[in-house]
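# Report on the structure
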Amino acid sequence: MRVWLPPFRVELELHGAGFGDFVEGPGDEVLVSERLAEAFRAEGLTGLLGLQPVEVVRVRRKGKGPKLDAVPRYFVASPGFGRGAVDEARSHFRYSRPMTCSECRYAGFDSIHGFALELGTWQGEDVFRPRGLQGNVVVSGRFAEFINRHGFTNMKLIPTEEWVLHSK
C-alpha cells in the first residue's frame with residue numbers, strides 16, 4: 001500500500017444529517033475530526049500516528065438532508081501496527097490456508113467468529129492493528145470509554161469476542 005504524502009486534500013461524501021468524527025480514509029489512513037484529535041492528545045491516548053491537518057476541497061451530499069453546517073477540520077492519522085497478536089487457540093477462525101508466518105500471523109481465512117489476543121503480546125496501545133489481522137483496527141477499553149464519554153460519532157465498536165468477518 002502506498003503511503004499518503006502531503007499535501008493532504010480530500011473530497012468527502014456526506015451520508016445523512018451531519019459530519020462524523022471518524023472517517024475511513026484512503027489506504028491504511030483514517031480521518032478524525034479536530035475535536036477528536038484534540039481530545040485524543042489531551043488525554044494522552046496512543047496509537048494514532050501523524051494527526052496532520054487535511055484540506056477538505058469538496059463535499060458531496062448523498063441523499064437528502066438539512067442544509068450543511070460549516071465543514072469541521074479533519075486530521076489524517078494512521079493506526080499503528082501493534083505487537084498484540086491474535087491467539088489462534090482462543091480465537092474462532094475458519095482457515096482456508098494455514099498460517100505460514102509466526103511474526104505477522106497472517107493466514108488465509110474463510111471467516112472469523114470472534115478473536116482474542118495472545119496474553120502478554122499487547123503493549124497497551126489504545127488504537128492499533130494486531131498481528132494476524134493487520135487490515136483491521138482494534139481499540140482498547142480505555143479508547144471505547146473515551147469515545148462514549150465525548151460522544152464521538154461515526155464509529156461502531158464491537159467487542160472482539162463478538163466480531164464476525166467473512167472473506168470474499
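A brief look at the structure comes next. This one's a predicted model, so the numbers in the text were calculated from it and none came from an experiment.

### Considerations on the sheet that holds strand β10 (residues 138-139)
Strands sit in the order β6-β9-β10 across an open sheet of 3 strands; the sheet is mixed. Among the strands making up the open sheet, the edge pair consists of β6 (81-85) and β10. When β6 meets strand β9 (residues 127-131), the two strands line up parallel, connected through 2 bridges. When the sheet's bridge partners are listed, Phe81 is paired in β9 with Arg129.

### Some remarks on the packing of aromatic side chains
A ring pair, where both rings are aromatic, is described by two values, the distance of the centres and the angle of the planes. Following the criterion strictly, the structure yields 7 aromatic pairs and no others. Ring centres of Phe40 and Phe143 lie 6.3 Å apart, and the angle between their planes is 70 degrees; on these two criteria the pair is classed as edge-to-face. Highlighted residues: Phe40 in helix α1 (residues 34-42) and Phe143 in helix α2 (residues 141-150), separated in sequence by 103 residues. Residue Phe40 is classed as buried on the basis of its relative accessible area of 3%. Judged by relative accessible area, Phe143 falls into the buried class, the value being 5%.

### Section: the pattern of salt bridges
In total, this model carries 8 salt bridges according to the counting rule given. The partner of Arg60 in a salt bridge is Glu13, with the nearest N and O atoms 4.0 Å apart. Residue Arg60 is found in strand β4 (residues 48-62), and its partner Glu13 is found in strand β1 (residues 9-15); the two are separated by 47 residues along the sequence. The exposure class assigned to Arg60 is partly exposed, which follows from its relative accessible area of 31%. A salt bridge links Arg142 to Asp126; the nearest nitrogen and oxygen atoms lie 2.7 Å apart. In this pair, Arg142 is assigned in helix α2 and Asp126 in the loop between β8 (109-113) and β9, connecting sequence segments 16 residues apart. Residue Arg142 is classed as partly exposed on the basis of its relative accessible area, which comes to 42%. Shared partners join several salt bridges into a network, and the residues in it are Glu11, Glu13 and Arg60.

### Structural notes on the pairing of strand β5 (residues 74-79)
Counting buried residues along β5, 5 of its 6 residues qualify, which places the element largely inside the surrounding structure. Bridge count for β4 against β5 is 5 bridges, and the pairing is antiparallel. Note that in β5 the partner of Leu49 across the bridge is Ser78.

Definitions and cut-offs
- Residues numbered from 1 in each chain as written.
- Predicted model: local features only at pLDDT ≥ 70, side-chain atom pairs only at ≥ 80, totals over all residues.
- Heavy atoms only, no water.
- Pairing = 2+ DSSP bridges.
- Helix = DSSP H or I, 4+ residues; strand = E, 2+ residues; numbered from the N terminus.
- Phe/Tyr/Trp six-rings, centres within 6.5 Å; stacked < 30°, edge-to-face > 60°.
- Buried < 20%, exposed > 50% of the residue type's maximum accessible area, 1.4 Å probe, protein only.
- Salt bridge = Lys/Arg side-chain N within 4 Å of Asp/Glu carboxyl O.

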